[in-house]
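Overview (structure and organization)
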Amino acid sequence: MFCRIFSAHVAGIEGVLIEVEVDTANVGLPSFSMVGLAEASVRESRDRVRSALKNMGFSIFNKPITINFAPADFRKEGTGFDLPVAVGLLKSAGHIEADTDKTLFIGELSLDGRLRPVSGVLSVTYAAREKGFDTVILPKENVAEASLVSGIRIGAAESLSEVLAWLGGNGGVSFAENTGAAQRKFSEQMHDFRDVKGQFTARRAAEVAAAGMHNILMIGPPGSGKTMIARRLPGILPHLDMEEAIETLKIHSVAGLVKNVSDISFERPFVSPHHTSSSVSIVGGTSRAKPGQVSIAHNGILFMDEFLEFNRSVLETLRQPMEDKEVTVARADRTVKYPASFMLVAACNPCPCGYYGDSKRECSCAPSQVQKYRARLSGPLLDRIDIHMEVKAVDLKELAGLDDGESSESMRERVINAHNAQKARFRDEKIMLNSQMGEKQIKKHCKLDDRSMKLLENACDRFGYSARAYSKILKVARTLADMENSSDIQSKHVLEALHYRLLDRES
Ligand SMILES: Nc1ncnc2c1ncn2[C@@H]1O[C@H](COP(=O)(O)OP(=O)(O)O)[C@@H](O)[C@H]1O
Ligand SMILES: [Mg+2]
Ligand SMILES: [Zn+2]
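Positions within a chain are numbered from 1, following the residues in the order the chain's sequence is written. Lettering of chains starts at A and numbering of ligands starts at 1, both following the order in which they are written. Under the rules for a predicted model, residues below a pLDDT of 70 receive no local features and side-chain atom pairs below 80 are neither given nor counted, while totals for whole chains, interfaces and linings still include all residues. For side-chain calculations, the full set of non-hydrogen atoms in the structure is used, while hydrogens and water are omitted.

Secondary structure is summarised from DSSP: a helix means a run of H or I of at least four residues, a strand means a run of E of at least two, and numbering begins at the N terminus for each. Within the protein one finds 20 helices and 19 strands. Counting only C-alpha atoms and orienting by the principal axes, one finds that the protein spans roughly 90 × 50 × 45 Å. Expressed as a percentage of its 507 residues, the buried residues of the protein come to 53%. Relative to all contacts within the protein whose residues are 6 or more apart in sequence, the contacts with residues 24 or more apart total 73%. Surface accessibility in these figures is a Shrake-Rupley result with a 1.4 Å probe; residues are shielded only by whichever protein chains are displayed. Total accessible area on the protein stands at roughly 23000 Å², and carbon and sulfur atoms take up 48% of it. Residue exposure (1.4 Å probe, protein chains only): buried if accessible area is under 20% of the type maximum, exposed if over 50%, otherwise partly exposed. Residue contacts are counted whenever heavy atoms from the two residues lie within 4.5 Å of one another.

Structure follows, in C-alpha cells:
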C-alpha cells in the first residue's frame, strides 16, 4: 500500500516541506530501500527506524518496502525524518487509520523508540504554518522553540508509542500553549555603560558607532576598558524588531543554539570568537554546513578581541561576508547561504607590549616592531572599518573617585533616534543604516556645504586620506548629523568624523 507523510528539513535557514512516500509491495523478497537523494544521515535513519519498530514488536519488514523523499531534486539530510518514516511504514502496513494530511512529523528515533530532539524546528514550524498545516508533532525537547510560532498546534511526544496512541485517538501527545513570538524576554544582567567611568571620548565614539552600526576598532593598552565597552554595545542598540528577531532565531536554531524559550531574545546577538578560532568556525562550514560566528552575530555584534592575534587567513575570510552581508557555505556537494550582517567591533593593543603611547608606562618595543605591528592593521580589512578610536589608559584609583557614567538606557534613546532617522531616509532604498551606504547613496545623502567641503579637502591634503577613507568620513558625519536630527551635515560633524580616522593619520 502506498501512503504519504509530511515532514520538513532546513535548507540554509528556511524550512522546506518534504513528502515521505512509503510504498509497500504485497509480493517479493523482503527489502527496505530509501531513495530521493537521501544522504548518509538519512540512510542511517533506515537502521534506527527498523530497530525501533522491531523493538516495539512490529513485524512489517517481510515485504519489499521503498521510501521516497520528494521533491527528489535536492539533497536532504538530518535525523528528523525518522519519525515520519516510521509513521509512514505503520500507516502503510495498516496500523494507522487516522488522516495525517494536515500534520507534519519531525524527530529522531532512538533504537528503543524514544524521540530525540532535532535542530531547526523553528524554521520547520514556520514553514508548516505557511503551507497550511494545522499540527506539528515533534520531540518534547523541541516544543519550547517550536511554540514561538503562533497559529499552529504543537504536539509534543516522548516516543513513537505516544505518537501512535495519539493517532489512534488515545491521548499520548501533549499540546503546548503557543507562546508566540510576542513574549519578549530581556535578560536582566545586561552590562550597563553606567559602569564605565570617565572615558568620555571612547564612550562617545562607541555611541556614534552604535548610532550608524559602523564597524569600529578600539586601540588601547591592556586594562583600558576595551572589552568592557564592547560588551556594553548591545545594550545601547535598538532591540531587534519582530522580523529581525525571527531571522536571527532561525540561524541560532539551525546552529543548534536554541535550547529553551529563555534563549529567545530580542536583544542584539553579541558573539566573541576566540583569536585561535578557525576560518570555518568564523564563516561557517564543517561537515553539516553549519552557520559560523558571522551568521550567529547576524543583526548584532561580532566582537574580535585581540584582533591582531587572529590568523591572517581568518581575517581575510571576513572580507567577503562584510562586503556581501551574507556567506555562502560550500561543501563537496552543495552550497548554503546564511545571512551575515553584523557590526564588527575589533580591539587591539597599540603595540606588541601594549603600552605604546601610554603616559604612565613605558613601551618596551623597538620602533621597527611597533611599525610592523601597525602595518598588520592596514589593508583591505581596515578599509571596512569606519571608526578607529583610541582608548586611553585609566588610573583605577582615580576612577574610583568619579561618578557613575551615563546609563545605557539614556544612551540608547539617542541611538534609537538616530536609527529612526536613517530608516526614514532609506525608506525607499534597500538599506537601513548609514554604514550600509554605497557610493551612489553617499553622493545623494551626504552633500556638504562649502565650508565643510573645504574642511574635508584640507584634511585630505594634509593627511593623505584614501578615497575609501573619504567615504567613511562622510558616512560617519551623516550619522553624527542624524544624532542631532540635523538634515544637513555641518562642518562640526565632518570635524568629529575626521577624529575617528586615527590610523589613516598615522600612515
Ligand atoms: N572606565 C572605567 N571605569 C570603570 N572601570 C574600568 C574602566 N576601565 C577599566 N576598568 C576596569 O578595568 C577592568 C579591565 O578592563 P578591560 O575592559 O578588560 O580592559 P581591556 O579589554 O582594554 O584590556 C574592567 O573589568 C574594569 O573593572
Ligand atoms: Mg580586553
Ligand atoms: Zn610596546
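The structure having been displayed, the exposition proceeds.
Now for the side chain of Thr-103. The topology assignment puts Thr-103 in strand β5 (residues 103-105). On the basis of relative accessibility, which here comes to 6%, the residue Thr-103 falls in the buried class. Those residues in contact with Thr-103 that lie beyond four places of it in its chain are Phe-6, Phe-133, Thr-135, Ile-137 and Trp-166.

The pairing criterion is simple: DSSP has to find at least two bridges between the two strands. Across 10 bridges, the pairing between strand β1 (residues 2-11) and strand β2 (residues 14-24) is antiparallel. Bridge pairing links Phe-6 to Glu-19 in β2. If you look at the hairpin formed by β1 and β2, you'll find two residues sitting between the two strands, and Gly-12 has a positive phi there, around 65°.

As a further point, take the nonpolar core. What is meant by a nonpolar core is a set of buried Ala, Val, Leu, Ile, Met, Phe, Trp, Tyr and Cys residues, joined one to another through side-chain atoms within 4.5 Å. Membership of the largest hydrophobic core comes to 52 residues, with the highest contact counts inside it found for Met-218, Ile-229, Leu-233, Met-343, Val-345, Met-389 and Leu-456. Counting residues per element, this core draws most heavily on helix α18 (residues 467-483), at eight residues. For Met-218, the residues in contact, after removing those within four places along its chain, are Lys-226, Ile-229, Ala-230, Phe-303, Val-345, Ala-346, Ala-347, Cys-348, Met-389 and Val-391. In terms of nonpolar packing, the next biggest core, distinct from the first, is built from 37 residues, Leu-217, Val-271, Tyr-338 and Tyr-373 among them.

As a further point, take the environment of Ser-435. Tracing the backbone shows Ser-435 in the loop between α15 (408-425) and α16 (439-445). Classification of Ser-435 by relative accessible area gives buried; the value is 17%. Sequence separation of Ser-435 and Val-42 is 393 residues, and the distance between their C-alpha atoms is 43 Å. Residues within four places of Ser-435 in sequence aside, it is in contact with Gly-212, Met-213, His-214, Asp-386 and Lys-475. Nitrogen and oxygen atoms within 3.5 Å of one another constitute a polar contact, given that in protein one can donate a hydrogen and the other can accept it, and given that sequence-neighbouring residues count only through two side-chain atoms. Only 3.0 Å separates the side chain of Ser-435 from the backbone oxygen of Met-213, close enough to count as a polar contact.

Turning our attention to the sheet that holds strand β12 (residues 270-271). Spatially, β12-β15-β18-β11-β19 is the arrangement adopted by the five strands of the open sheet, whose pairing is parallel. The open sheet has two edge strands, β12 and β19 (387-390), and neither has a second partner. Pairing of strand β11 (residues 216-219) with β19, which is carried by four bridges, proceeds in the parallel orientation. Looking across to β19, one finds that Ile-216 is bridged to Ile-387. Only the contacting stretch of a helix is used when fitting its axis, a line to C-alpha atoms as for every element, and angles between N-to-C directions run 0 to 180 degrees. Set on the sheet, helix α6 (residues 200-212) makes contact with β11, β18 (343-348) and β19; between it and β19 the angle comes to about 165°.

Turning our eyes to something else, we now look at the coordination of the zinc ion (ligand 3). In this listing, donors mean N, O and S atoms no farther than 2.8 Å from the metal, or 3.2 Å for Na, K and Ca; water is missing from the atoms, so a site can look incomplete. At 2.1 to 2.4 Å from the zinc ion (ligand 3) lie its protein donor atoms, namely Cys-351 (SG), Cys-353 (SG), Cys-363 (SG) and Cys-365 (SG). For a four-donor site, all angles between 85 and 135 degrees give tetrahedral; for four or six donors, opposite pairs above 155 degrees with the remaining angles between 65 and 115 give square planar or octahedral; all remaining cases count as irregular. Bound by four donor atoms, the zinc ion (ligand 3) shows angles of 105 to 112° at the metal and therefore tetrahedral coordination geometry. Motif for the zinc ion (ligand 3), donor spacing along one chain: C-x1-C-x9-C-x1-C. Linking Cys-353 in the loop between β18 and α13 (367-375) with Cys-365 in the loop between β18 and α13, this pair joins segments that are 12 residues apart in sequence.

What follows covers the packing of aromatic side chains. Aromatic pairing here means that ring centres of Phe, Tyr or Trp (its six-membered ring) are within 6.5 Å. Orientation follows from the plane angle: under 30 degrees is stacked, over 60 is edge-to-face, and everything else is tilted. Applying the stated criterion across every chain yields a total of six aromatic pairs. Each ring, one from Phe-463 and one from Tyr-465, has its centre 5.8 Å from the other, and the planes form 45°; the classification is tilted. Assessed through its relative accessible area of 26%, Phe-463 is described here as partly exposed. Classification of Tyr-465 by relative accessible area gives buried; the value is 9%. Note that Arg-425 overlies the ring of Phe-426, its terminal NZ or CZ placed 5.3 Å from the centroid. Distance and angle both matter: a charge sits over a ring if NZ of Lys or CZ of Arg is within 6 Å of the ring centre and within 35 degrees of the ring normal.

Turning next to the pairing of strand β15 (residues 301-304). Both faces of β15 are covered, namely the face carrying Ile-301 and Phe-303 and the face carrying Leu-302 and Met-304. Here two bridges tie β12 to β15, and the two strands are oriented parallel to one another. Bridge pairing in β15 links Phe-270 to Ile-301. Across four bridges, β15 lies against β18 in parallel orientation. Paired with Leu-302 across the strands is Leu-344, a residue of β18.

Function-wise, these values are silent; they only describe arrangement.
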